[in-house]
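# Geometric and topological summary
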Number of protein chains: 4
Amino acid sequence: MAAQRLKIGCAGLGRMGKRHALNFLERTPRAELVAASSPDPVELEWAKIHLEPFGVRLYQNYDDMLKHEGLVAVVVASATAVHAEQAIKAIAADKHVLCEKPISTSVEVSQSVVDAAAKKPHLKVMCGFSRRFDKSYRDAYQKMQSGAIGTASVLRSQTCDKLDPSGFFVAYAEFSGGIFVDCSIHDIDLTLWFFGDESKVKSVSAVGITAVEPDLRKHNDRDNAVGLVEFYDGRMAFFYASRMMAAGQEDVTEIIGTKGKLAVNTQPAVNHVNIYDETGIRREIPQNYYDRFEYAFVTEANEFSASCLDNTPLPLDLNNAVKAVRIGAALQESMITQKKIFFDEDGNRTELSRL
Amino acid sequence: MAAQRLKIGCAGLGRMGKRHALNFLERTPRAELVAASSPDPVELEWAKIHLEPFGVRLYQNYDDMLKHEGLVAVVVASATAVHAEQAIKAIAADKHVLCEKPISTSVEVSQSVVDAAAKKPHLKVMCGFSRRFDKSYRDAYQKMQSGAIGTASVLRSQTCDKLDPSGFFVAYAEFSGGIFVDCSIHDIDLTLWFFGDESKVKSVSAVGITAVEPDLRKHNDRDNAVGLVEFYDGRMAFFYASRMMAAGQEDVTEIIGTKGKLAVNTQPAVNHVNIYDETGIRREIPQNYYDRFEYAFVTEANEFSASCLDNTPLPLDLNNAVKAVRIGAALQESMITQKKIFFDEDGNRTELSRL
Amino acid sequence: MAAQRLKIGCAGLGRMGKRHALNFLERTPRAELVAASSPDPVELEWAKIHLEPFGVRLYQNYDDMLKHEGLVAVVVASATAVHAEQAIKAIAADKHVLCEKPISTSVEVSQSVVDAAAKKPHLKVMCGFSRRFDKSYRDAYQKMQSGAIGTASVLRSQTCDKLDPSGFFVAYAEFSGGIFVDCSIHDIDLTLWFFGDESKVKSVSAVGITAVEPDLRKHNDRDNAVGLVEFYDGRMAFFYASRMMAAGQEDVTEIIGTKGKLAVNTQPAVNHVNIYDETGIRREIPQNYYDRFEYAFVTEANEFSASCLDNTPLPLDLNNAVKAVRIGAALQESMITQKKIFFDEDGNRTELSRL
Amino acid sequence: MAAQRLKIGCAGLGRMGKRHALNFLERTPRAELVAASSPDPVELEWAKIHLEPFGVRLYQNYDDMLKHEGLVAVVVASATAVHAEQAIKAIAADKHVLCEKPISTSVEVSQSVVDAAAKKPHLKVMCGFSRRFDKSYRDAYQKMQSGAIGTASVLRSQTCDKLDPSGFFVAYAEFSGGIFVDCSIHDIDLTLWFFGDESKVKSVSAVGITAVEPDLRKHNDRDNAVGLVEFYDGRMAFFYASRMMAAGQEDVTEIIGTKGKLAVNTQPAVNHVNIYDETGIRREIPQNYYDRFEYAFVTEANEFSASCLDNTPLPLDLNNAVKAVRIGAALQESMITQKKIFFDEDGNRTELSRL
């Protein structure tokens, strides 16, 4: 007789949906993937081979999946555009929810999910910021907490994707919310984590360029961007996002304190191999964020399951997901309007002169 | 209805036994841990908490476990002294076997397992050299195979353990077979893998010291040792083993070819964090081999299961396990007798003058 | 009979003055340090021991040194406040000039030196941006020029000093021009070098904090600052400057192009030693900029001498020194006023609305 | 009036001769290169351009140079075959001597120089083991001395040259003394330095292969070799030498103690640049030993000069140079004869059975 397992369904079977489905199926001992849904026939075809033989019931329709008998939780891994709607429906159906980031590219829509969740405090509703589950980031966080660097004061973080020469990211920009909401959202979330949830933004400013894909301007987006965020408690963070890395994924974070610094991934490497040849000494690096954060997603699935089953606090607060989108959207706006944006201590927009 | 899974039992629940049991229970989707055995009450107590609730039947007696209904395979993770006996019994009972390394510290006893397995070709019998399943070593192997370094000619490899100040390894030395059989066995196996199974040893020579634990001499062992192996095809390998590393586990391999070099783990790191403080820039490293090779063991469990279920070739040949013990034992002997040992091309001992 | 050597005098014998004097005395074969001046008795005392015995004539008064018979060139290494005045006097006296950076913290004063030099085109007048002479930066520049990274589009650079717990830098801030003019000036100069002298600034924005030394605010300065510079040709640069590094000097630059990236000093190290102990693997880093750039200063002395003797072009254009101060001062102003500052293509301040 | 400078002559103007000559001419403030000799017209032609204009008198004949008026010291940088003869002549002429390594490939000939020097204790006679002057090795030595690694017990060191595809090293092998005497001599010298001059060798054993150049066997040499040295005080060292590195010069040393390890150059790099492109992250490494040790040679020239001028002890003992050749020659012999060689505590050859 086995212990109780979390019966979970997976909404969406695209790139991340497949990964979440398999992680819950194979690498989350306390969970049982019982259902999966996708409106896409190709995705369902994949699921017939990889999920159905292992006891996963497939649905074309998300609403139908929500009625799957015994279903207790849902991982929302569909297109960003429907994250919020599906999350709200799941909450309404009394399911725990693990929602891929971002909840929405809109602050208001994101907030609506938080509001829905707030009404059902017995449910676990989490937005999946994968880096919070990465062992390197956790080690850095723990070291900071133990005083290794004094007071953390400056945070530098970058999310830099390998160039996709197909230009896919131009089309994608129409719905992504822009480079700060799509990429830097992780760096913003890390900042809220390391600086503390109570951090209040004083100003944001940003600059962006289109070095490889001028067509991004049609969607008010850029392919390289730098953003600056100033906090009321005297700290600051700065972010670099790019979609044109040649070598692979380069997600780097430095937390700079008054007595030391913690650097995460300043020397990226996909494994422990170095190649020595006539060009020098070389190592390969992760090609995408999943190469880098694969085990963080597995940990996320396991910890979400444990939190639901044991009714213990989630490892991260849903409110931060909205806060991160708010900061990301402000940076995006600053980049496009070329204006620095100020906030008062209540989080309302203000003019510099009124500070 | 789920696909077929490999019903496996775990013999031994010591340090590695626990890890194998949990890996087959939680991280090997195509396997089902159905039984576990240990004569040790403390180990069984642990199993009552961590295995029994998940449907694993516990046995005090290994022979009884072998009769567990439906049992198809066994992972032998008990003390080295009983590896061979348990493996042979499992083979006799018509079970697939994954045996922890070494099969035995004795060449003859190791060979008896190979002989037993040879009589039952339908069984999958594998000795678990974990590094063969490590993604860095595999990447290096694949790069070598693809011609990245020309002809691999020299192999340097080291297995260096963190100092255990309790002196445990002195008592352990009585049964371990010595530092070359216990530690360097991995480096020897890597050499057989990278240089090819057909490699024939021409000579071995070794030197060892007791830098931290002179009592090892009672058991004809040393705490630091260097061994040299020369092959008939004009290649050579050299190994360093140590039990006194201060920082942690340092397992490093370099494969040096005529056109390049592949280096595995020359810059050990437990994760992606660097700490900057007044002492400089620092990173932590794995504290033991499991920190370093955890996922290799998971891959091993998964690939062994797949090979049994699908009746596909095992990823490594059992004969090599005997060959590795033979080389390790010869190095150990050379270290103790201070004599260089020569072999003819059939693997028989010979005098230099007769070569 | 020796070949002709550049007879040079050194103005100022403080920290950098001593170094320049010794470099011209001992490590610049084509130069001959014939004179040195300082109003400071302690500095002159030092010079009596280290310079005078080797044939260097000492002067209390800079003007007197300028009249030293046969003097052909001057290295101005005095306090920043008198750089410009001494440089202009030297030009008036028809001497070549190597002036420590910055010429002045004032754009106007800096320009006055350029103007003076422009009237004497036969003289070599150079502002010593040491990184231009560093072999790593030169290697990176050459690789960029050879097309290794496509089009350089984003430059990230930081000048981060080890924390001086004496608080010296608070007093220093009164005259330094501020953190962007004192520290980031190097990063700005690198940007002008790598992006090309013709680069035109479109906007600057900056944020700063006082994490360790709130008294800096008295002098309108900060101890950590981030600046963003946008160029009219679609490139951008961002800078981080800090005075509170725990481990040592961390001067890092990344030049990010459309097809690759060049990183300079992302893994700082003072030498080739790694220390393995119970805390992990550690390396020490340079403690100050001279530890890092010692040989760049030697190269600078040699190349300046060669340029004077052979009447060949200087390796860097004096105009850039003014341009760098202009950008640094604008960043400093932006940090203090919290306003983003815009320029038109002629370099004049403008409002965003008029762009 | 300048302080006294060491008037030195350079014997030999080949590759290393040119470097020594220029170092004493341009980078050794307390020395004055007054003479240079070479029987080679091409080398003299070079010297007419690079040395003569700076006051260096050129000689075709070494004996004539020794008579140069005022000459006080000689740097012997000619072919190894004449090192000893020229050193002995210089000693006879009462000159200080800095002799390139090795003094000779013959132990006896080397000893004859030591004997000659012993008779003139007022002279400074030094064999130039450049690594002793390298700041990384010195830092490691100092850290060891300060107790950072407990008792140094094992030393691993390698001297690995970039492959010279011209096959030059085959012809060179006729006179080089073999790979252990030519390359590993540095590692042996380091061992004597780090383990202490009093270290007594108990046994040596070695294996070598010809991976790229079988013709080396004509000269009893190999292109890759591993040697093991055991000391009477319970320490050991092992060396790897190679002439087929693809990336460049890889000279690495690890000093392994009971409480830590010091690693020198385990991550070779020619400068601080990393190149990120589609093949990964890459750095270039030194192409030859001079790229790696350039400044060590400069320091050597300066310290030798200071020792001569100030009559202070030389930084290294000439006797070690003989000891190093003795060990190197024994390793070479062991590699060729395939026999392990034993020594008694007085350094005499012995049989194992007599130990």
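The sections below set out a description of the structure shown in this document. Counting from 1, residues in each chain are numbered in the order their sequence is written. To read the labels, note that chains go from A and ligands from 1, taken in the order they are written. Local features in a predicted model are, by the rule used here, given only for residues with pLDDT of at least 70; side-chain atom pairs are given and counted only at 80 or more, and totals for whole chains, interfaces and linings are based on all residues. Side-chain calculation: all heavy atoms of the structure are included, whereas hydrogens and water are not.

### Comments concerning the overall build of chain A
Using the following cut-off: Under the scheme used here, helices are H or I runs from DSSP no shorter than 4 residues and strands are E runs no shorter than 2 residues, and both carry numbers assigned from the N terminus. We compute the radius of gyration over the C-alpha atoms and compare it with the globule rule, which gives 2.2 Å times the number of residues raised to the power 0.38. Burial classification: accessible surface area is computed with a 1.4 Å probe over protein chains only, and a residue below 20% of its type maximum counts as buried, one above 50% as exposed, and the rest as partly exposed. Any two residues whose heavy atoms approach within 4.5 Å are treated as being in contact. Per-residue accessibility takes into account occlusion by the displayed protein chains alone, with areas from the Shrake-Rupley method and a 1.4 Å probe.
When helices and strands are tallied, chain A shows eleven helices and 16 strands. For 355 residues, the compact-globule estimate of 2.2 N^0.38 gives 20 Å, and the C-alpha radius of gyration of chain A, at 21 Å, lies within 12% of that figure. By residue count, 61% of the 355 residues in chain A fall in the buried class. If you take every contact in chain A between residues at least 6 apart in sequence, the share linking residues at least 24 apart comes to 73%. When the accessible area of chain A is evaluated, it comes to approximately 12,800 Å², of which 50% is carbon and sulfur surface.

### Details of the relation of the copies chain A and chain C
Note the following rule: Least squares is the method for superposing the copies, and the C-alpha atoms it fits come from residues with pLDDT of at least 70 in both.
Placing chain A over chain C gives an RMSD of 0.0 Å and needs a rotation angle of 180°, together with 0.0 Å of translation along the axis. In short, the pair behaves as if placed about a two-fold rotation axis.

### Section: the packing of helix α4 (residues 80-92) of chain A against helix α5 (residues 107-118) of chain A
All names here are of chain A. Just so we agree on the cut-off: Angles here are taken between N-to-C directions and fall from 0 to 180 degrees, while the axes themselves are lines fitted to C-alpha atoms, restricted in helices to the stretch in contact. Comment on the angle field: the value is read as roughly parallel under 35 degrees, roughly antiparallel over 145, roughly perpendicular from 65 to 115, and oblique elsewhere. Polar here means any residue outside two lists: the nonpolar Ala, Val, Leu, Ile, Met, Phe, Trp, Tyr, Cys and Pro, and the charged Asp, Glu, Lys and Arg; Gly therefore counts as polar.
Where α4 contacts α5, the axes come no closer than 10 Å and their chain directions differ by 10°. In terms of their interaxial angle, α4 and α5 are classed as roughly parallel. Contact residues: A84, A87, I88 and I91 in α4; V109, S112, V113, A116 and A117 in α5. When its residues are assigned to classes, the contact of α4 with α5 shows eight nonpolar, one polar and no charged.

### Considerations on the relation of the copies chain C and chain D
One copy of the chain maps onto the second through a rotation about an axis and a displacement along it. Overlaying chain C on chain D yields an RMSD of 0.0 Å, the required transformation being a rotation through 180° with an accompanying axial translation of 0.0 Å. Here 100% of the interface residues in chain C have copies in chain D that are interface residues too; the copies meet face to matching face.

### Quick notes on the environment of A:V273
For A:V273, the location among the structural elements is in strand β13 (residues 273-277). A relative accessible area of 2% means that A:V273 is categorised as buried. Distance from A:V273 to A:E284, taken between C-alpha atoms, is 8.0 Å for residues eleven residues apart in sequence. Residue contacts for A:V273: discarding those within four places in its chain leaves A:R282, A:R283, B:S136, B:D139, B:A140, B:L262, B:A263 and B:V264.

### A closer look at the interface of chain A and chain C
Short version of the rule: Put simply, buried area is how much 1.4 Å-probe accessible surface two parts lose in total, over both of them, once they are put together. One speaks of a salt bridge when a side-chain nitrogen belonging to Lys or Arg is within 4 Å of a carboxyl oxygen belonging to Asp or Glu. Residues adjacent in sequence count toward polar contacts only when both atoms are side-chain atoms; beyond that, a polar contact is any pair of N or O atoms within 3.5 Å, and within protein one must be able to donate a hydrogen and the other to accept it.
Between chain A and chain C, the contact holds 43 residues from the first and 43 residues from the second. For the pairing of chain A and chain C, the buried interface totals around 3,400 Å² over both sides, and the portion due to carbon and sulfur atoms is 67%. For the pair chain A and chain C, the number of links is two salt bridges. Of the charged contacts in the structure, one is a salt bridge between A:K261 and C:E250, with a shortest N-O distance of 2.5 Å. Inspection of the region where chain A meets chain C yields four residue pairs in polar contact (both at pLDDT 80 or more). Sort the elements by how many residues they give to the side of chain A that touches chain C and strand β8 (residues 201-209) of chain A lands first, with six residues.

### Regarding the pattern of salt bridges
All names here are of chain B. Under the criterion given, the structure shown has 93 salt bridges over all chains. A salt bridge links K101 to D182, with the shortest nitrogen-to-oxygen separation between them at 3.8 Å. Highlighted residues: K101 in the loop between β5 (96-100) and α5 (107-118) and D182 in helix α8 (residues 179-182), separated in sequence by 81 residues. On the basis of relative accessibility, which here comes to 10%, the residue D182 falls in the buried class.

### Brief notes about the interface of chain C and chain D
Note on interface size: it is often stated as the accessible area lost on association of the parts. Chain C puts 37 residues into the contact, and the matching count from chain D is 37 residues. Taking both sides of the interface into account, the surface hidden between chain C and chain D amounts to around 3,000 Å²; carbon and sulfur atoms contribute 51%. Among the residues of chain C in contact with chain D, C:H272, C:V273 and C:Y276 are the three that bury the most area, contributing 21% of the side total. Where chain C touches chain D, the interface holds two salt bridges. Note that D:K143 and C:E284 form a salt bridge whose closest N and O atoms lie 2.9 Å from each other. Between the two partners, chain C and chain D, sit 14 residue pairs in polar contact (both at pLDDT 80 or more). Elements with a contribution of two residues or more to the side of chain C that touches chain D: α6 (135-145), β12 (261-264), β13 (273-277) and α10 (289-310) of chain C. A breakdown of the residues in the side of chain C that touches chain D according to their chemical character gives 16 nonpolar, nine polar and twelve charged.

### Concerning the sheet that holds strand β6 (residues 125-128) of chain C
All names here are of chain C. This is how it is decided: Here, a strand pair is defined by DSSP locating no fewer than two bridges between the strands.
With parallel pairing, six strands are arranged side by side in an open sheet as β3-β2-β1-β4-β5-β6. Each edge of the open sheet carries a strand with a single partner, namely β3 (57-59) and β6. Across the sheet, the axes of successive neighbouring strands diverge by a mean angle of 25°, strand direction being ignored. Where strand β2 (residues 31-37) lies against β3, three bridges are found, and the strand directions are parallel. Considered in β3, the bridge of A35 is made with R57. The strands touched by helix α4 (residues 80-92) within the sheet are β1 (6-11), β4 (73-76), β5 (96-100) and β6, with β5 carrying the most contacts at an inclination of about 175°.

### Digging into the packing of aromatic side chains
Worth spelling out the cut-off: Note on ring pairs: Phe, Tyr and Trp rings are taken, using the six-membered ring of Trp, and paired if centres are within 6.5 Å. Classes follow the plane angle, with under 30 degrees stacked, over 60 edge-to-face and the rest tilted. By definition, being over a ring means that NZ of Lys or CZ of Arg is both within 6 Å of the ring centre and within 35 degrees of the ring normal.
On inspection of all chains with the given rule, the structure shows 40 aromatic pairs over all chains. Measuring from centroid to centroid gives 5.4 Å for B:F168 and B:Y172, while their planes differ by 20°, and the two rings are stacked. Of this pair, B:F168 and B:Y172 are both found in helix α7 (residues 168-176), four residues apart, which corresponds to roughly one turn of the helix. The exposure class of B:Y172 is partly exposed, given its relative accessible area of 31%. Every member of this aromatic cluster is reached through a ring pair, and the members are A:F238, A:Y240, C:F238 and C:Y240. The ring of A:Y290 carries A:R19 above its face, with NZ or CZ at 4.1 Å from the centroid. Between the NZ or CZ atom of C:K18 and the centre of the ring of C:W46, over which it lies, the distance is 5.4 Å.

### Structural notes on the state of the cysteines
Residue and element names in this part refer to chain A. Heads up, the rule is: The rule for a disulfide is simple: a pair of cysteine sulfur atoms within 2.5 Å.
Evaluated as defined, the whole model comprises zero disulfides over all chains. Looking at C127, it has no disulfide partner, and the nearest cysteine sulfur is the one in C99, 5.5 Å off. Relative accessible area serves as the criterion here: at 1%, C127 is assigned to the buried category. Between C160, a cysteine without a disulfide, and C183, which holds the nearest cysteine sulfur, the sulfur-to-sulfur distance is 8.1 Å. Since its relative accessible area comes to 0%, C160 is described here as buried.

### Examining the environment of B:C10
Within the secondary structure layout, B:C10 lies in strand β1 (residues 6-11). Apart from residues no more than four positions distant in its own chain, B:C10 is found in contact with B:G17, B:H20, B:A21, B:L33, B:A35, B:A36, B:S37, B:M65 and B:V75.

### Description of the sheet that holds strand β1 (residues 6-11) of chain D
All names here are of chain D. Ordered by their spatial adjacency, six strands build an open sheet running β3-β2-β1-β4-β5-β6, and the pairing between neighbours is parallel. On the outer flanks of this sheet lie β3 (57-59) and β6 (125-128), each paired with one strand and no other. Here the average twist between neighbouring strands, direction ignored, is 25°. Strands in contact with helix α4 (residues 80-92) are β1, β4 (73-76), β5 (96-100) and β6; relative to β5, the strand with the most contacts, it is inclined by about 175°.

### Notes on α10(C)
All names here are of chain C. Put simply, the test is: To estimate how far a helix should reach, multiply one less than its number of residues by 1.5 Å. Bend at a given residue is defined as the angle between two axes, one fitted to the seven residues that end at that position and one fitted to the seven that begin there.
An ideal rise of 1.5 Å per residue puts 32 Å on 22 residues; α10 measures up with 30 Å between its terminal C-alpha atoms. Along α10, the largest kink reaches about 40° and is centred on Y295. The residue sitting at the N-terminus of α10 and contributing the capping side-chain oxygen is N288; that oxygen lies 2.9 Å from the backbone nitrogen of Y290. Once α10 ends, the next one or two residues include N311, with phi positive near 50°.

### Overview of the side chain of D:S199
All names here are of chain D. Looking at where S199 falls in the secondary structure, it is placed in the loop between α9 (185-195) and β8 (201-209). According to the relative accessible area criterion, S199 is buried, its value standing at 2%. Other than its neighbours up to four places away in sequence, S199 contacts F231, D233 and K323.

### Focus: unusual backbone geometry
The residue after B:K101, namely B:P102, is reached through a cis peptide bond having omega -10°. Here B:P102 is to be found in the loop between β5 and α5. Phi angles above zero are rare outside glycine, and A:N220 is one such case at about 55°. Structurally, A:N220 is set in the loop between β8 and β9 (224-231).

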